[in-house]
Amino acid sequence: AQLVESGGGLVQPGGSLRLSCAASGFTFSSYTMSWYRQAPGKERELVAGTTSAGGSPNYADSVKGRFTMSRDNAKNTVYLQMNSLKPEDTAVYYCNARRLLRSYWGQGAQVTVSS
């Protein structure tokens, strides 16, 4: 199983980025997919998640109204559209796939918000 994130980078405050996570090696549509982030010196935190059944994703309070998560089961890919970025959004963003006792992680994508 493999998860590969892409789309990270450096952006000014107020800007936007779109992260992608391409999955392979497992039945993507059966897994709950989530985005986490970890800032320097802080614990990893859940940013957004969506179940295999689809429906509206859940978001952390800190990103509600600014971030949008979506999944494309035909492409085995999840996305995280990040708008109105703030310096406190700076972190390594990780993609996670979870089903029952199985959990897979991507390598992470650095997002830096700075002027």
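Refer to the structure printed above.
Fair warning: this is a prediction, and the values are worked out from it, not measured in the lab. (Residues numbered from 1 in each chain as written. Predicted model: local features only at pLDDT ≥ 70, side-chain atom pairs only at ≥ 80, totals over all residues. Heavy atoms only, no water.)

Student: Which residues make up the overall build of the chain, and what values do they have?
Tutor: Along the backbone of the chain there are zero helices and 11 strands. Beginning at the N terminus, the succession of helices and strands in the chain can be written as β-β-β-β-β-β-β-β-β-β-β. Relative to the compact-globule value of 13 Å for 115 residues, the chain shows a C-alpha radius of gyration of 13 Å, a close match. For the C-alpha atoms alone, the extent of the chain along its principal axes is close to 40 × 25 × 25 Å. The proportion of buried residues among the 115 residues of the chain is 41%. Of the contacts made within the chain by residues no fewer than 6 positions apart, 53% connect residues no fewer than 24 positions apart. Approximately 6100 Å² of the chain is accessible, and the part contributed by carbon and sulfur atoms is 46%. Treating the 12 positive side-chain charges of the chain as one cloud and the 7 negative ones as another, the clouds have centres 7 Å apart. (Helix = DSSP H or I, 4+ residues; strand = E, 2+ residues; numbered from the N terminus. Rg over C-alpha atoms; globule rule 2.2 N^0.38 Å. Buried < 20%, exposed > 50% of the residue type's maximum accessible area, 1.4 Å probe, protein only. Contact = heavy atoms within 4.5 Å. Areas by Shrake-Rupley, 256 points an atom, 1.4 Å probe, with all protein chains shown as cover. Lys, Arg positive; Asp, Glu negative; His and termini not counted. Charge placed at Lys NZ, Arg CZ, Asp CG, Glu CD.)

Student: Let's hear about the pattern of salt bridges: which residues, and what values?
Tutor: Tallying each qualifying case throughout the model produces four salt bridges. Across the pair Arg-37 and Glu-45 runs a salt bridge whose closest N-O atoms are separated by 2.6 Å. For Arg-37, a relative accessible area of 6% translates into the label buried. Through salt bridges that share partners, Arg-37, Glu-45, Arg-66 and Asp-89 make up one connected network. (Salt bridge = Lys/Arg side-chain N within 4 Å of Asp/Glu carboxyl O.)

Student: I'd love a proper account of the state of the cysteines, names of residues and values included.
Tutor: Tallying each qualifying case throughout the model produces one disulfide. With a sulfur-sulfur separation of 2.1 Å, Cys-21 is cross-linked through a disulfide to Cys-95. Because the sign of the S-S torsion sets the handedness, a value of about -80 degrees for the bond joining Cys-21 and Cys-95 places this disulfide among the left-handed ones. Taken together, the positions of Cys-21 in strand β3 (residues 17-24) and Cys-95 in strand β9 (residues 91-99) put the pair 74 residues apart, joining distant regions of the chain. Residues Cys-21 and Cys-95 agree in their burial class; the two are buried. (Disulfide = S-S within 2.5 Å.)

Student: So, the pairing of strand β11 (residues 109-113): which residues are in play, and what are the values?
Tutor: A one-sided burial pattern is seen for β11, the buried positions being Ala-109, Val-111 and Val-113 and the unburied ones Gln-110 and Thr-112. As paired strands, strand β2 (residues 9-11) and β11 are joined by three bridges and run parallel to one another. In the sheet register, Val-11 faces β11, and the bridge partner there is Val-113. (Pairing = 2+ DSSP bridges.)

Student: Before we move on, could you go through the nonpolar core and cite the residues and values that matter?
Tutor: A general tendency of soluble globular proteins is for nonpolar side chains to be buried together. Membership of the largest hydrophobic core comes to 29 residues, with the highest contact counts inside it found for Met-33, Trp-35, Leu-80, Met-82 and Tyr-93. Taken together, the elements giving at least two residues each to this core come down to β3, β4 (32-38), β5 (45-50), β7 (67-72), β8 (77-82), β9 and β11. The residues contacting Met-33, other than those within four sequence positions of it, are Leu-3, Phe-28, Ala-48, Gly-49, Thr-50, Met-69, Arg-71, Val-78, Cys-95, Asn-96 and Ala-97. (Core = buried A, V, L, I, M, F, W, Y, C linked by side-chain atoms within 4.5 Å.)

Student: Run through the environment of Met-82, naming residues and quoting values.
Tutor: Along the chain, Met-82 falls in strand β8. A sequence separation of 63 residues divides Met-82 from Leu-19, and the C-alpha atoms of the two residues are 7.9 Å apart. Aside from chain neighbours lying at most four places away, what touches Met-82 is Gly-15, Ser-16, Leu-17, Leu-19, Arg-66, Phe-67, Tyr-93 and Val-111.

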